[in-house]
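# Examining the three-dimensional arrangement
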Amino acid sequence: MPKLVILALAAVAVLMLKHAVADFYLQTPYQYLNKGTYGHPGGCIHAGIHAVLTPFVYLVLVPSSLLLVLAITIGEFAVHYHVDWMKEQVMHRNGWTAHDRGFWYALGTDQLVHGLTYLLIVAALMMAV
């Protein structure tokens, strides 16, 4: 298998691990109960944890530019924050809880968009390698 393919797969694996840690193990009630209030520190902290942990992928793929590192970090924060906020808006407006099918559609869509974001991050890094 070509080295570039191995690096890309490793980068995706690191981002998936990071996502599990930040979205499930490190997320506190203060964060998840306040992500639906735009600008609330709880949602900002949650997105900030994602943004701070994302650079661990650079241990696998080293980008050639500090500007790229900053762009990816800021982009990760902005995308993660707004995807979570939109999910919370949809769930709140519809009154969905874990007992409703719509809740699981919203959660699944949220997770899908985060995963696609990671593929874009890896693509940007691969172009810089």
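Residues numbered from 1 in each chain as written. Predicted model: local features only at pLDDT ≥ 70, side-chain atom pairs only at ≥ 80, totals over all residues. Heavy atoms only, no water.

### Thoughts on a nonpolar patch on the surface
To keep it simple, the criterion reads: Each patch is built from residues that are more than 30% exposed by relative accessible area and take part in no salt bridge. Like charges join if they lie within 9 Å; nonpolar side chains (Val, Leu, Ile, Met, Phe, Trp, Tyr) join within 5 Å. To be clear on the numbers: accessible area is Shrake-Rupley with a 1.4 Å probe, and residue cover counts the displayed protein chains and nothing else. Whenever Lys or Arg places a side-chain nitrogen within 4 Å of a carboxyl oxygen from Asp or Glu, that contact is recorded as a salt bridge. Secondary structure elements follow DSSP: runs of H or I of four or more residues count as helices, runs of E of two or more count as strands, with numbering from the N terminus.
On the surface, a nonpolar cluster with roughly 410 Å² of combined accessible area is contributed by Met 1, Val 5, Ile 6 and Leu 9. When you line up the elements, Ile 6 lands in helix H1 (residues 3-25).

### Some remarks on the environment of Ile 49
Quick reminder of the rule: Should any heavy atoms of two residues lie within 4.5 Å, those residues are considered in contact.
For Ile 49, the position within the fold is in helix H3 (residues 41-53). Through-space distance from the C-alpha of Ile 49 to that of Gln 27 is 8.9 Å; in sequence the pair is 22 residues apart. Aside from chain neighbours lying at most four places away, what touches Ile 49 is Ala 22, Leu 26 and Gln 31.

### Notes on the packing of H1 against H3
Note the threshold: Convention adopted: a line fitted to C-alpha atoms gives each axis, helices being fitted over their contacting stretch, and angles between N-to-C directions are expressed from 0 to 180 degrees. For classification purposes, angles smaller than 35 degrees are called roughly parallel, those larger than 145 roughly antiparallel, those between 65 and 115 roughly perpendicular, and all remaining angles oblique. Here a crossing is taken to be left-handed if its near helix is turned anticlockwise relative to the far helix by less than a right angle, and right-handed if that turn runs clockwise.
Running from amino to carboxyl end, H1 crosses H3 at an angle of 155°, the nearest separation of the two axes being 9 Å. Judged on the interaxial angle alone, H3 and H1 are roughly antiparallel. The way H1 lies across H3 gives a crossing that is right-handed. Here H1 contributes Lys 18, His 19, Val 21, Ala 22 and Asp 23 to the contact with H3, which in turn contributes His 46, Ile 49, His 50 and Leu 53.

### Section: the confidence of the model for the protein
The predicted coordinates of low-pLDDT regions are not to be read in fine detail. Selection criterion: Think of pLDDT as the predictor's per-residue confidence, scored from 0 to 100.
The predicted model of the protein has a mean per-residue pLDDT of 93, with 98% of residues at 70 or higher. Put simply, H1 is where the protein has its lowest mean pLDDT, 93, and helix H2 (residues 29-32) is where it has its highest, 98.

### A look at the pattern of salt bridges
Operational definition: Residue exposure (1.4 Å probe, protein chains only): buried if accessible area is under 20% of the type maximum, exposed if over 50%, otherwise partly exposed.
One pass over the structure, following the stated rule, counts three salt bridges. Between Glu 76 and Lys 18 there is a salt bridge, and its shortest N-O distance comes to 2.8 Å. Note that Glu 76 is positioned in helix H4 (residues 66-94) and Lys 18 in helix H1, a separation of 58 residues in sequence. Owing to a relative accessible area of 2%, Glu 76 belongs among the buried residues under this scheme. Here Lys 35 ties to Asp 84 by a salt bridge, and the two come within 3.4 Å at their closest N and O atoms.

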